[in-house]
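Each chain is listed here by its residues.
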Amino acid sequence: MNTLKRLGIGLAGLMLTTTLGLAAEATKPTDPEIAHIAYTADNIDIQAAEHAVKVSKNKAVQDFARDMIRDHEAVNKQALALLAKLKVEPKDNATSQALVNQADATQAHLATLKGAAFDKAYVDNEVAYHHAVNTALETTLIPAAQNAELKDLLTTGLQIFKGHEDHARMVAGELK
Amino acid sequence: MTAGRGRRRACVLAALAGVVLLPAMAAAETITVQVTKFSFVPASVTAKVGDTIEWVNADFVDHTATAANKGFDVKLPANKSGSVTVKKAGTFPYFCRFHPMMKGTITVKK
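Everything numeric here is computed off the predicted structure, so don't read it as measured data.

### So, the overall build of chain A
Check the secondary structure of chain A and you find six helices and zero strands. Going from N to C terminus, chain A has its helices and strands arranged as α-α-α-α-α-α. Taken over 176 residues, chain A has a buried fraction of 40%. Considering only intrachain contacts with a sequence separation of at least 6, the fraction spanning at least 24 residues in chain A is 81%.

In structure tokens form, the structure reads like this:
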């Protein structure tokens, strides 16, 4: 059962990677689309973390979730300031929609869980989610970004989120 | 006139005090660690008892410098600094509570 569950979560992560990859491959995203994708990805993680802070009773998980809120809000603030400066209006697109749909499905699943089962599912998803977003940043979004400042911010974001991925793996290891 | 003399005397006293105090003050140093791109730079510093370690956070996210033994926990808000004065000799590993992958070490000599 446990292996099945783990496989399910692994598959969800894999699907997200694939979805992101496919949507991005079809057409190279423009800067307004990249901005929208980055902002959407950030907000998804903030919402998941806000839910975790409310639901989890585990201090390591709660602390991790608070770290996610703090960092992703800082990145969003930086992104909004840059968009205002560049006068770029974020543009909705297929990749953003895929991210939102995937997040809705994940949240619906997490909402059914409590206690240790919730903690594990949340943290495992954080590993998979950050991994998928980092892969998308590295292989698609950063290379496609035209504006140098946007490229810089995405590169910094990638560094932050790689730290989150490692942190999530560490918390996942503690939960076992 | 009296006030003038009083001020002069105060100046002389201050100068004398300076002479006495300066060597002691010069002995304690401030060692700066840059906190940039999610790293403590340099990651290892050596200090003497009485020195101050100052962390300058250049990132736009908050960090902390937290001793593994909980001896200090310095908050480093985005683009701000924080410091701690080291009082004991020894090796003190520290990390960022928000980003546990960020690690550093202070070696304090007598």
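### Observations concerning the nonpolar core
Residue and element names in this part refer to chain A. Ranked by internal contacts, the top residues of the largest apolar core, which has 39 residues, are I34, A38, V61, V133, L141 and L154. Those elements giving two or more residues to this core turn out to be helix 2 (31–55), helix 3 (59–86), helix 4 (94–110), helix 5 (115–144) and helix 6 (148–175). Ranked by residue count, the leading element in this core is helix 5, at twelve residues.

### What to know about the sheet that holds strand 5 (residues 63–67) of chain B
Residues and elements named next belong to chain B. Here five strands make up an open sheet; going across it, the order is 3-9-8-5-6 and the pairing mixed. Each edge of the sheet is formed by a strand with only one pairing partner; in this case those strands are strand 3 (44–48) and strand 6 (73–76). Strand-to-strand twist across the sheet, computed as the mean angle between neighbouring axes with direction ignored, equals 20°. Relative to strand 8 (residues 90–95), strand 5 is paired through two bridges, and the arrangement is antiparallel. Its bridge partner being in strand 8, A67 is matched across the sheet by Y94.

### Quick look at the sheet that holds strand 2 (residues 39–41) of chain B
Residues and elements named next belong to chain B. Sheet architecture is open: four strands sit in the order 2-1-4-7, paired in mixed fashion. A strand with exactly one partner marks an edge of an open sheet, and here the two such strands are strand 2 and strand 7 (81–85). Strand-to-strand twist of the sheet, defined as the mean angle between neighbouring strand axes without regard to direction, takes the value 25°. The pairing of strand 1 (residues 30–36) with strand 2 spans three bridges and is antiparallel. The residue bridging Q34 from the neighbouring strand is V41, located in strand 2.

### Some words on the interface of chain A and chain B
Residue-level contacts link eleven residues of chain A with ten residues of chain B. Mapped by element, the contributors of at least two residues to the side of chain A that touches chain B are helix 3 and helix 6 of chain A. Examining the composition of the side of chain A that touches chain B, we find that six residues originate from one element, helix 6 of chain A, more than from any other. Among the residues forming the side of chain A that touches chain B, the class breakdown is three nonpolar, four polar and four charged.

### Thoughts on helix 6 of chain A
Taking 1.5 Å per residue, 28 residues should reach 40 Å; helix 6 of chain A reaches 40 Å between its end C-alpha atoms and fits that length. Those residues of helix 6 of chain A lying buried are A:L150, A:L153, A:L154, A:G157, A:I160, A:F161, A:G163, A:H164, A:H167, A:A168 and A:V171.

### With respect to the environment of A:G115
On the secondary structure map, A:G115 appears in helix 5. A:G115 sits 18 residues away from A:Q97 along the chain, and the two C-alpha atoms are 30 Å apart.

### Regarding helix 5 of chain A
In this model helix 5 of chain A runs 41 Å from its N-terminal to its C-terminal C-alpha over 30 residues, within 8% of the 44 Å that 1.5 Å per residue would give. By the largest-angle criterion, A:L137 marks the main kink of helix 5 of chain A, which is about 50°.

### Thoughts on the packing of helix 2 of chain A against helix 4 of chain A
All names here are of chain A. At their nearest, the axes of helix 2 and helix 4 sit 9 Å apart, and the two run at 10° to each other. Between helix 2 and helix 4, the angle falls in the class roughly parallel. Contacts between helix 2 and helix 4 pair H36, I37, T40, A41, I44, A48 and H51 from the former with T95, S96, L99, V100, A103, Q107 and L110 from the latter. Broken down by class, the residue content of the contact of helix 2 with helix 4 amounts to eight nonpolar, six polar and no charged.

Rules used throughout
Residues numbered from 1 in each chain as written. Chains lettered and ligands numbered in written order. Predicted model: local features only at pLDDT ≥ 70, side-chain atom pairs only at ≥ 80, totals over all residues. Helix = DSSP H or I, 4+ residues; strand = E, 2+ residues; numbered from the N terminus. Buried ≥ 20, exposed ≤ 12 C-beta atoms within 10 Å, placed from the backbone. Contact = placed C-beta atoms within 7 Å. Core = buried A, V, L, I, M, F, W, Y, C linked by C-beta atoms within 7 Å. Pairing = 2+ DSSP bridges. Axes fitted to C-alpha atoms, helices over the stretch in contact; angles between N-to-C directions. Nonpolar A, V, L, I, M, F, W, Y, C, P; charged D, E, K, R; others polar. Expected span 1.5 Å × (residues − 1). Bend = angle between axes of the 7 residues up to and from the residue. Parallel < 35°, antiparallel > 145°, perpendicular 65-115°, else oblique.

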